[in-house]
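A look at the structure
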2 protein chains.
Amino acid sequence: MEMDERKTKILQAIIRNYLETGEPVGSRTISKYTDLNLSSATIRNEMADLEEMGYIVQPHTSAGRIPSDKGYRFYVDTLMEAKEREVADMKDMLLERQDRLEDMLKSVVKILAKDTQYATMITAPMTHLNKLKFIQLSRVDSNHLLAVVVIEGNMIRNRMIEVSEEIDDETMLKLNMLLNTQLNGLAIEEINLSMVAKLKQQAGIHSGVIGDVIDEVVETLSEDKDLEVYTSGTNNIFKYPELADNESARKLITAFEEKEVLGDIIQNSEPGEETGIQVYIGGENANTNMQDCSVVTATYDLGDGMKGTIGIVGPRRMDYDKVVGTLKSIKTKLDDLYRKE
Amino acid sequence: MEMDERKTKILQAIIRNYLETGEPVGSRTISKYTDLNLSSATIRNEMADLEEMGYIVQPHTSAGRIPSDKGYRFYVDTLMEAKEREVADMKDMLLERQDRLEDMLKSVVKILAKDTQYATMITAPMTHLNKLKFIQLSRVDSNHLLAVVVIEGNMIRNRMIEVSEEIDDETMLKLNMLLNTQLNGLAIEEINLSMVAKLKQQAGIHSGVIGDVIDEVVETLSEDKDLEVYTSGTNNIFKYPELADNESARKLITAFEEKEVLGDIIQNSEPGEETGIQVYIGGENANTNMQDCSVVTATYDLGDGMKGTIGIVGPRRMDYDKVVGTLKSIKTKLDDLYRKE
DNA sequence: GTTAGCACTCATTAAAGTAGAGTGCTAATA
DNA sequence: TATTAGCACTCTACTTTAATGAGTGCTAAC
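Before going into details, it helps to say that this report is about the structure given with it. For clarity, every value in this text was computed on a predicted model and none was experimentally measured. (Residues numbered from 1 in each chain as written. Chains lettered and ligands numbered in written order. Predicted model: local features only at pLDDT ≥ 70, side-chain atom pairs only at ≥ 80, totals over all residues. Heavy atoms only, no water.)

The next thing to look at is the protein's contact with DNA strand C. Close to DNA strand C lie 20 residues, the nearest being A:S27, B:R6, B:T42, B:T61 and B:S62. Backbone atoms, meaning sugar and phosphate, form 75% of the atoms of DNA strand C found within 4 Å of the protein. One of the side-chain nitrogen or oxygen atoms of A:S27 is found 2.6 Å away from a phosphate oxygen of DNA strand C. Within the backbone of A:A63, a nitrogen or oxygen atom sits 3.5 Å from a sugar or linking oxygen of DNA strand C. Put simply, the parts of the chain that give the surface near DNA strand C at least two residues each are α3 (40–53) of chain A together with α3 (40–53) of chain B. Broken down by element, the surface near DNA strand C gets its largest block of residues, four residues, from α3(B). The residue inventory of the surface near DNA strand C, partitioned by class, reads four nonpolar, twelve polar and four charged. (Near = heavy atom within 4 Å. Polar contact = N/O pair within 3.5 Å; in protein donor to acceptor, adjacent residues only side chain to side chain. Helix = DSSP H or I, 4+ residues; strand = E, 2+ residues; numbered from the N terminus. Nonpolar A, V, L, I, M, F, W, Y, C, P; charged D, E, K, R; others polar.)

The following block contains the structure:
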């Protein structure tokens, strides 16, 4: 049996209706809902077919139908019309362009959660592929040095280093020069052992300090592998009965608390062809805690290889049109934001 | 009517039992539970008295009694024996003394949540009373300066500053000198307008940049008013039926997501006499979202006026002995940690 | 002052009955 | 051949009723 136009229309009507109400939809409803002018009996026959094909299921005999994962998938792939949607407040916010990326991300998830009424998350752009732009070593007090590392894209990392020997101003200057001339422009993968040895040699009697510093720099650079994830609107899950029961809620809250888990989910999402947007429906999610819900992710790109991901988590019956539309719009904005200049 | 020893014993027995089971306790249970050798009828009479005095309540006629807020209060104030409790893992962790305070705090809440099975939170030590220790201004690229500010206690803040005019090395050196000689050792409150004016004057043609920098510095220093709060074990609330229903859970999750709210709660807690530990039972909580639960806070002190707060949130019938004991122990450890040296 | 005994209350649970939504199937219709 | 009206059937959700039992308050006896 294959999908004809009428079946498609009916399936669409079922899904649309179910997205709205959250109740199984019956044949009579569809008979009136659509402009097909078919009796409920005919619809019933078609629905039996759709069920056989696996697009819809019955929670129990004598209930209406609800979309299966396959049904949603069909809807998302071929039926959905996601128009870019303006998000209020977002525009102003992005125009201001907070100088702290962190604050910007926090604002984005927050606005997104408020706008969509789902739980949202966003990862800071990954930087471990990036290049060292600038290192500054300063003496804070007699036995503490401060290493500030700036990475391409102006991400800043700093680190206190304890030193046993006191270091005079002249040496500081020399060390700074050394570090900057040798390391700038390198990606972390390029900092290998032989280079470290060379640096240490050049540092002479201060090779110990240089060693420490480089260790710290490398660690600093690799450290954002446990990348930051910001979340918002977790409480929105209580708006959807299918997620609000004790067990599901616990699972989700746990997942949202353990940012590492979130990071995995969000990071493993394929960039998703041309759009950069991916939809994972129910069982399609790799993470077991997420198989009761749907996750939509969007990869944004701030240029210089700095990519991050936005994720929206809601019930299976989430408003895919709206969510995808919103994400498209935000993705575009973020992509444009830094690239323009 | 006043509290005699027998009433006290009975009240204690009721509370202990209720803390364990979460079920209203009846007179017969107490009659067997205690070593008073009294019949249930006698207990009933005493319980009627205790109810009249407001220490216990009946959910409904023909149910046993449960402690009222007043009852818990009495228990916490005079009946509880909180012995310091070792927390596994904690010791090792603190000995290592992560160089990033942030990581340390994250570990603490995590371990605490795992140990107590309640939801936990911790604030980073407040620094806004602290003094500027060190400022470093560096040129990152032609139109970006990086300001790194180190505060007493080695808290680091940094900030990118956009400048229109390019600044040469010599000027950078001068500006750095100027900033450090003039501002070091000052608390934020001491940086006033006349001082800023003076600095600008001294900076001559670069007064614009100096102005920007000072603005940023001041903002940077004040910025940790929206202080960091780390949380863990939020999902533990689902372990306690009285908090796990939809409405209560939503409230709590929301509170835990909005760190500002948490910050208020945790910050407004009185240091709590000699122990530094405070217990807020049910309605005693100022925040409306928290009135279904109990909150125990402890103020820790890393020296140099750097104080932070730990909070544990659980049901009214939380194991106060354990929680207070644990907090005492951790508080001591944290207090000692940095002070020793 | 303490306790045994008893009537009473009320939440909880189970069982039974009712209503209604929706289906599948059949036979009639266009 | 496709569509539809009609009907018996199914199953959930809700309401009602009854049974159970834990626990109380009170009284009278010890």
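All names here are of chain A. With nine of nine residues buried, strand β9 (residues 293–301) is to be regarded as a mostly interior element. Burial along β9 is two-sided: the residues C293, V295, T297, T299 and D301 and S294, V296, A298 and Y300 are all buried. In this sheet, β9 lies alongside strand β8 (residues 277–280) in antiparallel orientation, the contact comprising four bridges. Residue V279 lies in a different strand from β9, and its bridge partner there is V296. (Buried < 20%, exposed > 50% of the residue type's maximum accessible area, 1.4 Å probe, protein only. Pairing = 2+ DSSP bridges.)

All names here are of chain A. Here we have three strands laid out as an open sheet, ordered β4-β5-β6, and antiparallel in their pairing. The open sheet is flanked by β4 (132–141) and β6 (155–162), the only strands paired with a single partner. Each neighbouring strand pair of the sheet contributes to a mean axis angle of 20 degrees, computed without reference to strand direction. As paired strands, β4 and strand β5 (residues 144–151) are joined by eight bridges and run antiparallel to one another. For D141, the partnering residue across the bridge sits in β5 and is H144. Sheet strands touched by helix α7 (residues 169–183): β4 and β5. Its angle to β4, the strand with the most contacts, is close to 165 degrees. (Axes fitted to C-alpha atoms, helices over the stretch in contact; angles between N-to-C directions. Contact = heavy atoms within 4.5 Å.)

Here we come to the packing of aromatic side chains. All told, the structure shown has six aromatic pairs over all chains when counted by the stated rule. Here A:Y118 and A:Y240 contribute two aromatic rings whose centre-to-centre distance is 5.4 Å and whose plane-to-plane angle is 25 degrees, an arrangement assigned as stacked. In this pair, A:Y118 is assigned in the loop between α6 (101–116) and β3 (119–123) and A:Y240 in the loop between β7 (229–232) and α10 (241–244), connecting sequence segments 122 residues apart. The aromatic ring of B:Y55 is capped on one face by B:K70, whose charged end is 4.6 Å from the ring centroid. (Phe/Tyr/Trp six-rings, centres within 6.5 Å; stacked < 30°, edge-to-face > 60°. Lys NZ or Arg CZ within 6 Å of the ring centre and 35° of its normal.)

What follows concerns the relation of the copies chain A and chain B. The two chain copies are connected by a rotation around an axis plus a translation along it. For the pair chain A and chain B, the relating rotation is 180 degrees, the translation along its axis is 0.1 Å, and the fit reaches an RMSD of 0.2 Å. In symmetry terms, the pair is related by a two-fold rotation axis. Here 100% of the interface residues in chain A have copies in chain B that are interface residues too; the copies meet face to matching face. (Least-squares fit on C-alpha atoms with pLDDT ≥ 70 in both.)

Turning our eyes to something else, we now look at helix α11 (residues 246–257) of chain B. With twelve residues, α11(B) should cover 16 Å at 1.5 Å per step; its first-to-last C-alpha distance of 16 Å lies within 8% of that length. Of all the residues in α11(B), the buried ones are B:S248, B:A249, B:L252, B:I253, B:T254, B:A255, B:F256 and B:E257. (Expected span 1.5 Å × (residues − 1).)

As a further point, take the protein's contact with DNA strand D. Around DNA strand D, 20 residues are found, and the nearest of them are A:R6, A:T42, A:T61, A:S62 and B:S27. Sugar and phosphate atoms constitute 78% of the interface atoms of DNA strand D, taking the interface as everything within 4 Å of the protein. B:S27 has a polar side-chain atom sitting 2.6 Å from a phosphate oxygen of DNA strand D. Sort the elements by how many residues they give to the surface near DNA strand D and α3(A) lands first, with four residues.

Across the boundary between the two partners, chain A contributes 36 residues, which contact 37 residues of chain B. The tally of links between chain A and chain B comes to two salt bridges. The shortest N-O distance in the salt bridge between A:D141 and B:K133 comes to 3.0 Å. Those elements that place two or more of their residues in the side of chain A that touches chain B are α6, β4, β5, β6 and α11 (246–257) of chain A. Ranked by residue count, the leading element in the side of chain A that touches chain B is β4(A), at seven residues. (Salt bridge = Lys/Arg side-chain N within 4 Å of Asp/Glu carboxyl O.)

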